[in-house]
Amino acid sequence: AVVSTQSTGIELPFSNDIKKAVFPKIRYTPSQDQLTAVDKLIDNMDLNSKPEFKESEMSNPGIQRRYQCVVHRALQSDSPLPEVDVSDLIKLPSFDTSDAVKECNKYFEVKLIEKKPTKRTAGEMFSTDNIDVTNDIKKVKKEDISLDDLLGAEVKIGTTRPVADFQLACSKLGPNSACTMMCDVISQLVQHSGSNIPQSLRALRERCVKEGFHGIFNNLLRKEFQYELFKKICKEEEMSLIHKGECEGSPVSAVESEVFLKGDELVKDMESDDDDDSFGHALRV
């Protein structure tokens, strides 16, 4: 919105109309010849230099059309009105930028980028155009169908069926990338108190033990163990840190894994044992 003063006619913008545009720095530094070629191209396409676009030389096409209809009715009252022809109402300027474009092509490396083929739908793959009919038996051309076309090029692990997505990601992206993605999904489920946490955690632990990715699983456990929901699930499912007895190379021992999972309970048991000893000592005295 713009406010205009009646005395001076100066348009005053509001504060939210003034915006600072931040552009990233250009890593490429053009040469002087390239700058000159671009300046020449811009000057050739400058509308301010064209007399046809000056206000004093431009006619209102709506009014011109009205005059055209009045003249036609006066001279040829029985014939229908002529079709609208923009070229009769507006004189379009001619641009001769061939020399400027040639100069830009001279100093800039221009490459023709071929358009990547678009993904085909199942209907297109199984249409009659891709089917050979031999002895009344329709066979789909094998070269037209790939696993990527059927399953999709991009593989993601969602929160709705994370275990199935995780198995697919392991086969297509590899166990390392799939386990990393699964850790992010489990973190999202914990943050939003979602379901499928036990199944996802169990599938991730089994894969990490099999592939030797003890660090990925143990780091996830240490990170999310601060949340009560996650801690409760780990204790119910008896899933603790992967120790060296399960996976070679793990720096965690079996005792440390048990202490990590049942540390609070072990401390309480030790305190109760101390109280029993004190009570027994008092009886003996």
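Bear in mind the structure is a predicted one, so any value in this text is a computation, not a measurement.

**With respect to the overall build of the protein**
Counting its regular elements, the protein contains 12 helices and four strands. Burial analysis of the protein (285 residues in total) assigns 22% to the buried set. Of the roughly 22,000 Å² of accessible surface on the protein, a fraction of 53% belongs to carbon and sulfur atoms.

**What to know about the packing of helix α8 (residues 175-191) against helix α10 (residues 214-224)**
Put simply, α8 and α10 touch, their axes get as near as 10 Å, and they point 15 degrees apart. Here α10 runs roughly parallel to α8, going by the angle between their axes. Between α8 and α10 lies a crossing whose hand is right-handed. Note on element contacts: α10 touches α8 through Ile216, Leu220, Lys223 and Glu224, opposite Asn176, Cys179, Thr180, Cys183, Ile186, Ser187 and Val190. The class makeup of the residues in the contact of α8 with α10 is six nonpolar, three polar and two charged.

**Things to note about the pattern of salt bridges**
One pass over the full model with this rule turns up six salt bridges. Two residues, Arg161 and Asp165, come together in a salt bridge whose shortest N-O distance is 3.2 Å.

**Points about the packing of aromatic side chains**
Per the counting criterion, the structure on display carries one aromatic pair. Here Phe225 and Phe260 contribute two aromatic rings whose centre-to-centre distance is 4.6 Å and whose plane-to-plane angle is 40 degrees, an arrangement assigned as tilted. Linking Phe225 in the loop between α10 and α11 (228-237) with Phe260 in helix α12 (residues 254-284), this pair joins segments that are 35 residues apart in sequence. Taking relative accessible area as the criterion, Phe260 reaches 23% and is therefore assigned partly exposed.

**Let's talk about the side chain of Arg207**
Tracing the sequence through the fold places Arg207 in helix α9 (residues 197-211). What makes Arg207 buried here is its relative accessible area of 17%. What Arg207 contacts, discounting residues up to four positions off in sequence, is Phe166, Gln167, Cys170, Pro175 and Cys179.

**Quick notes on the nonpolar core**
Grouped together as the largest cluster of nonpolar side chains are 31 residues, with contacts concentrated most on Phe166, Ile186, Leu201, Leu204 and Phe230. When contributions to this core are tallied by element, the ones reaching two or more residues are α7 (162-173), α8, α9, α10 and α11. Of all the elements, α8 adds the most residues to this core, at eight residues. Setting aside its immediate chain neighbours within four residues, Leu204 contacts Phe166, Cys179, Met182, Cys183, Ile186, Phe217 and Leu220.

**What to know about the side chain of Ser187**
The residue Ser187 is located in helix α8 in this model. Contact partners of Ser187, with chain neighbours within four places excluded, come to Leu220, Lys223 and Glu224.

**Focus: the packing of α8 against α9**
Angle between the axes and distance between the axes are the two parameters that describe a pair of packed helices. Packing of α8 against α9 brings their axes to within 10 Å, and their N-to-C directions diverge by 155 degrees. Judged by the inter-axis angle, α8 sits roughly antiparallel to α9. Crossing angle aside, the handedness with which α8 passes α9 is left-handed. On the side of α8, the interface is formed by Pro175, Cys179, Met182, Cys183, Ile186, Leu189 and Val190, while α9 contributes Ile197, Ser200, Leu201, Leu204, Arg207, Cys208 and Glu211. Of the residues contributing to the contact of α8 with α9, the split by class is 11 nonpolar, one polar and two charged.

**Brief notes about the confidence of the model for the protein**
Taken residue by residue, the protein gives an average pLDDT of 77. The fraction at 70 or more is 73%. Confidence drops under a pLDDT of 50 for residues 1-6, and excluding neighbours within four residues, the segment shows 13 contacts in the predicted structure. Across residues 278-285, where pLDDT falls below 50, the model places zero contacts with residues more than four positions away in sequence or in other chains.

**Considerations on unusual backbone geometry**
Here the phi dihedral of Asn196 falls at roughly 70 degrees; this positive angle occurs in a residue that is not glycine. In this structure, Asn196 sits in the loop between α8 and α9. Despite not being glycine, Glu238 has its phi angle at roughly 55 degrees, a positive value. By the element assignment, Glu238 lies in the loop between α11 and α12. A relative accessible area of 60% means that Glu238 is categorised as exposed.

**Re the environment of Asn196**
Sequence spacing of Asn196 and Ile186 is 10 residues, and the spatial spacing of their C-alpha atoms is 8.7 Å. Excluding residues that lie within four positions of it along the chain, Asn196 makes contacts with Thr159, Thr160, Pro162 and Leu189.

Cut-off values and rules
Residues numbered from 1 in each chain as written. Predicted model: local features only at pLDDT ≥ 70, side-chain atom pairs only at ≥ 80, totals over all residues. Heavy atoms only, no water. Helix = DSSP H or I, 4+ residues; strand = E, 2+ residues; numbered from the N terminus. Buried < 20%, exposed > 50% of the residue type's maximum accessible area, 1.4 Å probe, protein only. Areas by Shrake-Rupley, 256 points an atom, 1.4 Å probe, with all protein chains shown as cover. Axes fitted to C-alpha atoms, helices over the stretch in contact; angles between N-to-C directions. Parallel < 35°, antiparallel > 145°, perpendicular 65-115°, else oblique. Left-handed = near helix turned anticlockwise from the far one by under 90°. Contact = heavy atoms within 4.5 Å. Nonpolar A, V, L, I, M, F, W, Y, C, P; charged D, E, K, R; others polar. Salt bridge = Lys/Arg side-chain N within 4 Å of Asp/Glu carboxyl O. Phe/Tyr/Trp six-rings, centres within 6.5 Å; stacked < 30°, edge-to-face > 60°. Core = buried A, V, L, I, M, F, W, Y, C linked by side-chain atoms within 4.5 Å. pLDDT = per-residue confidence, 0-100.

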